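Overview (structure and organization)
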Amino acid sequence: MSLSTADRAIKHILKRDKATREVLNKLRAGEGMECSFETVGGQVLWGAEGTYKYAMDLTHEDKVLGTFRYSSEKALLIFDTLKLLFQKEWEKKKIGKEVLGLYREINMIYDLSELISEKIDAESIAKVTLEEASQIIDTTHALFLIYDPEKDTVHQIARLGENPKSQAFIEQQKDVLRALITRGVSAIVPAERIAANPALKHLKTVMYAPLKVKHRTFGMVIIGHEEEVEYTAAELKLLTTISLQSATAIESAHLYQKGLKEVQDREEAIRKIHDVSQKFVPSEFIKSLGKAKITEVFLGDLVEREVTVVFVDIRGFTTISEGLSPTDNFLFVNGFNNRMGPIVRKNGGFIMQYLGDGFMALFTEGSQGALTASVEMHRELQVYNKERALKKRLPVHIGVGMQSGKLIMGITGDNERLDAAIISDTVNTAARIEGLSKHFGTSILLTQECKANLTNPGQFDFRYLGRVQPKGKMKPIDLYECINGDAEDLQNHKLSNLKTFDDAMTLFLDKEFAMAAVTFQQIFKSNIKDQPAKLFLNRAAQLITQEIEDNWKGVETMTTK
Amino acid sequence: MDKKLLIVDDEAHIRMLIEQTLEDLEDEGVELLFADNGADALKIIQEERPNLVFLDVMMPKMNGMEVCQKVKKELNITETYIILLTAKGQEVDRQKGLDMGADKYMTKPFDPDEMLSIAEEILNL
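Residues numbered from 1 in each chain as written. Chains lettered and ligands numbered in written order. Predicted model: local features only at pLDDT ≥ 70, side-chain atom pairs only at ≥ 80, totals over all residues.

**What about the overall build of chain B?**
Looking only at helices and strands, chain B features six helices and five strands. Ordered by position from N to C terminus, the α and β elements of chain B give β-α-α-β-α-β-α-β-α-β-α. Expressed as a percentage of its 125 residues, the buried residues of chain B come to 35%. Sequence separation of at least 24 residues holds for 64% of the intrachain contacts in chain B that already meet a minimum separation of 6. (Helix = DSSP H or I, 4+ residues; strand = E, 2+ residues; numbered from the N terminus. Buried ≥ 20, exposed ≤ 12 C-beta atoms within 10 Å, placed from the backbone. Contact = placed C-beta atoms within 7 Å.)

Below, the structure is given as structure tokens:
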């Protein structure tokens, strides 16, 4: 059993403290000063054992600490000194004990704040709070309660000690608990009140403190003991401090989570905006400018690129749309775009602009992908048209024109309104070529530059269609027809007449118009859907009877766009 | 032979706290010694050869690091176990303290229970 503070104090003076002991020993050495001090247990703590005439007890707070034995009244001076020294030492020890108690509390609060600062949810904070509190306040049971004013409910988020009825207690006593929480005070519950409350019958000592943030109380901490341990005002103060700290931590955790959620929502919104903006301005366009995000582009950003521009136009759109309501028209165009877009992307291109009855696509990695996409789009439409035929809808046909060349991509507009823009003669030419495909009756028409740009031209079949001087253009353009987008029978026809067509074209350019006309007619007769053959047949036939200039090179000058 | 434990701190209340924390050891026959500066501590260590020293780092005149270095590196007193005490947040000193020959390192505010059990362990009680 450890010694009491008073026992320790007397032992300290007489045994442990050398300086004090020496002074006392000197006093005792004087004449008539013989004396000794004996503990209650009979141990002589100081002085010599022996027979003394008198004895006097040293008491402290009605408790005998030991007996002072002496033979002459003179020695009472030593007893008085001893009493004085004892009193001082006892006070020192008492203060030391109190200071240590406070130090433990500070330590606990320090630990608690460190522990709860790592937690970001109320449940963990509550659990740590109860565990730490029980380390320093004698506790067998504890409850951490939160009041939800919206649902008007009180619920426990942490608990210490076994009490299977705690939930029932909370429900039955909701009104009392809510009133206590609302009052926001801390108190030690008087023993008779504990005894009178059946819900507290497993406890003999109870106190509680509010969970308060500024002037708002949102819960309480209740702790108790199965035995009568008598909580002190200091312990109540400590519980109040702990609860305050815990409440602040819960509030911060709440704010943190709220903040986190807001940040997440904001990020989500930004991500959505980014995703949507990418659909309006293609990410390939942004990337081509050397930027990662649309937020990084500025007015005046530009880059020159080698690209292939593809114009796709729905043939006879007016005829189709005449039979449709504006809404159905829109749905039709969307349905069409939905089918074409993925083919463009799959082949490394992106849609730069929708043009109502068609679109313009850009391919930045050479023209191979552009031509592959063009062929695939025709094939997709052949499938689509079969579906449409079943629904008794008009077939959809497209014309495709392509050109390769330099192009400037950039951000244009003003401070208030920006747009992705492309400036290039290549675009104009591609648009003209697409227009010419109508004139020639071809499904895919491309220029010499575009054909030269193919990495694997052997994958396709071409027919040379001569030179054309488009309206408003200085230089004539060599044109080729890619036949792989045609319907199967037409494609087969053109394939089997490839050589013949080339021969006819050579005759035509050599001004052998009669021979050329015969050959073209031969081709045309075997399949009257062969529009270019028909066109050249007519032109050759016309030229037979016309005066030809000496420098005639077969260039057809277009007078319309 | 009685065991001796030296408590060194320039702050009186810390000395009192450590004394109070370790008072049970007195009942086990351990003599508690005190010093409020590094120079006195060094003198007591040389004269009394305590088994264990709780040595504060931040002290005027001679700080705990210097005392530790003198005891362990210059005087070669190896049988005295030295525990350096420093304020929390100055853990950077930890390695320096150990390099100076300290046997252990504790931060303030210290946990009284932990301090007592460490002292008991080192003193074989």
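**A short note on the overall build of chain A**
Secondary structure summary: chain A contains 18 helices and 18 strands in total. Put simply, chain A has 561 residues, and 33% of those count as buried. Look at the contacts in chain A between residues 6 or more apart in sequence, and 61% of them connect residues 24 or more apart.

**A word on the packing of helix H17 (residues 513–526) of chain A against helix H18 (residues 531–544) of chain A**
Residues and elements named next belong to chain A. Closest axis-to-axis distance for the H17/H18 pair is 8 Å, and the angle between their directions is 155 degrees. In terms of orientation, H17 lies roughly antiparallel with respect to H18. Here the hand of the crossing between H17 and H18 comes out left-handed. Residue-level inspection shows Phe513, Ala514, Ala516, Ala517, Phe520, Gln521, Ile523 and Phe524 of H17 in contact with H18, the latter providing Ala533, Lys534, Phe536, Leu537, Ala540, Ala541, Leu543 and Ile544. (Axes fitted to C-alpha atoms, helices over the stretch in contact; angles between N-to-C directions. Parallel < 35°, antiparallel > 145°, perpendicular 65-115°, else oblique. Left-handed = near helix turned anticlockwise from the far one by under 90°.)

**Overview of unusual backbone geometry**
With an omega of 0 degrees, the peptide bond between B:Lys108 and B:Pro109 qualifies as cis. Mapping B:Pro109 onto the fold places it in the loop between strand S5 (104–108) and helix H6 (112–122). Positive phi values are uncommon outside glycine, yet A:Lys511 reaches one of about 65 degrees. A residue is classified by how many C-beta atoms lie within 10 Å of it, and A:Lys511, with 16 of them, is partly exposed.

**Let's talk about H18(A)**
Residue and element names in this part refer to chain A. The first and last C-alpha atoms of H18 sit 20 Å apart over 14 residues, in line with the 20 Å expected at 1.5 Å per residue. Of all the positions in H18, only Pro532, Ala533, Phe536, Leu537 and Ala540 are classed as buried. Buried residues of H18 fall within an arc of 135 degrees about the axis and therefore sit on the same side. Residues of H18 that are buried in the fold lie against helix H13 (425–440), strand S16 (462–469), strand S17 (477–482), helix H16 (498–509) and H17. (Expected span 1.5 Å × (residues − 1). Arc of directions from axis to C-beta.)

**Digging into the interface of chain B and chain A**
Contacts between the two partners involve 13 residues from chain B and, on the opposite side, 13 residues from chain A. Those elements giving two or more residues to the side of chain B that touches chain A turn out to be helix H1 (12–21) and helix H2 (23–27) of chain B. Broken down by element, the residue count for the side of chain B that touches chain A peaks at six residues, all from H1(B). Class assignment of the residues belonging to the side of chain B that touches chain A gives a composition of four nonpolar, three polar and six charged. (Nonpolar A, V, L, I, M, F, W, Y, C, P; charged D, E, K, R; others polar.)

**Remarks on the sheet that holds strand S2 (residues 30–35) of chain B**
Residues and elements named next belong to chain B. Pairing is parallel in the open sheet, where five strands are placed in the order S2-S1-S3-S4-S5. Unpaired on one side and paired on the other, S2 and S5 mark the two borders of the sheet. Each adjacent strand pair in this sheet contributes to an overall mean axis angle of 20 degrees, direction not counted. Two elements, strand S1 (residues 3–8) and S2, share six bridges in a ladder whose sense is parallel. In the strand pairing of S2, Leu6 is matched with Leu33. (Pairing = 2+ DSSP bridges.)

**Points about the pairing of strand S13 (residues 397–413) of chain A**
All names here are of chain A. Looking at chain direction, strand S10 (residues 302–315) and S13 are connected through 14 bridges and run antiparallel. Opposite Val312, over in S13, you have Val400 as the bridge partner. Looking at chain direction, S13 and strand S15 (residues 444–447) are connected through three bridges and run parallel. Each residue of the ladder has a partner; that of Gly401, found in S15, is Leu445. Where S13 and strand S14 (residues 418–423) come together, six bridges link them in antiparallel fashion. Pairing of Gly413 across the sheet is with Leu418, part of S14. Where S13 hands over to S14, the hairpin turn is made up of four residues, counted between the paired strands.

**Section: the packing of helix H3 (residues 76–117) of chain A against H1(B)**
Where H3(A) contacts H1(B), the two axes come as close as 9 Å, and the packing angle between them is 95 degrees. Taken together, the axes of H3(A) and H1(B) lie roughly perpendicular to each other. Two secondary-structure elements touch here, H3(A) through A:Gly96, A:Lys97, A:Val99, A:Leu100 and A:Tyr103 and H1(B) through B:His13, B:Met16, B:Leu17, B:Glu19, B:Gln20 and B:Thr21. Partitioned by chemical class, the residues of the contact of H3(A) with H1(B) number five nonpolar, four polar and two charged.

**Things to note about the sheet that holds strand S4 (residues 63–70) of chain A**
Residues and elements named next belong to chain A. Pairing in this open sheet of four strands is antiparallel, and the strands run S2-S1-S4-S3 from one edge to the other. The open sheet has two edge strands with one neighbour each: strand S2 (44–47) and strand S3 (54–60). Mean inter-strand twist for the sheet, computed between neighbouring axes without regard to direction, equals 20 degrees. Here strand S1 (residues 35–39) pairs with S2 via three bridges, running antiparallel. Residue pairing for S2: Phe37 is matched across the bridge by Trp46.

**Quick notes on helix H4 (residues 122–136) of chain A**
Residues and elements named next belong to chain A. Compared with the 21 Å implied by 1.5 Å per residue over 15 residues, the 22 Å span of H4 between its first and last C-alpha is a close match. Those residues of H4 that fall on the buried side of the exposure criterion are Ala122, Ile125, Ala126, Val128, Thr129, Leu130, Glu132 and Ala133. Of the surrounding secondary structure, the elements contacted by the buried residues of H4 are H3, strand S5 (141–148), strand S6 (153–160), strand S9 (216–225) and helix H8 (233–280).

**A look at the nonpolar core**
Residues and elements named next belong to chain A. Membership of the largest hydrophobic core comes to 50 residues, with the highest contact counts inside it found for Val310, Met402, Leu446 and Cys482. Those residues in contact with Leu446, other than ones at most four positions away along the chain, are Leu371, Met402, Ile433, Lys451, Tyr480 and Cys482. Counting residues in hydrophobic clusters, the runner-up holds 39 residues, among them Leu130, Val154, Phe218 and Met220. (Core = buried A, V, L, I, M, F, W, Y, C linked by C-beta atoms within 7 Å.)

**Structural notes on the environment of A:Phe285**
Residue and element names in this part refer to chain A. Here Phe285 lies in helix H9 (residues 283–288). Residue Phe285 is classed as buried on the basis of its C-beta count, with 23 C-beta atoms lying within 10 Å. The sequence separation of Phe285 and Ile351 amounts to 66 residues, and the corresponding C-alpha distance is 9.7 Å.

**Things to note about the pairing of S10(A)**
Sheet topology places S10(A) next to strand S12 (residues 358–363) of chain A; six bridges connect them, and they run antiparallel. In the strand pairing of S12(A), A:Val309 is matched with A:Leu362.

**Thoughts on the confidence of the model for chain B**
Low-pLDDT stretches of the model should not have their predicted coordinates read in fine detail. For chain B, the mean per-residue pLDDT works out to 89, and 96% of the residues sit at or above 70. The complex prediction reports pTM at 0.56, with the ipTM value standing at 0.84. (pLDDT = per-residue confidence, 0-100.)

**Observations concerning the environment of A:Gly41**
All names here are of chain A. Summarising the element assignment, Gly41 is placed in the loop between S1 and S2. Judged by C-beta crowding, with 7 C-beta atoms within 10 Å, Gly41 ranks as exposed. Residues Gly41 and Gly66, 25 residues apart in the sequence, show an inter-C-alpha distance of 8.2 Å.

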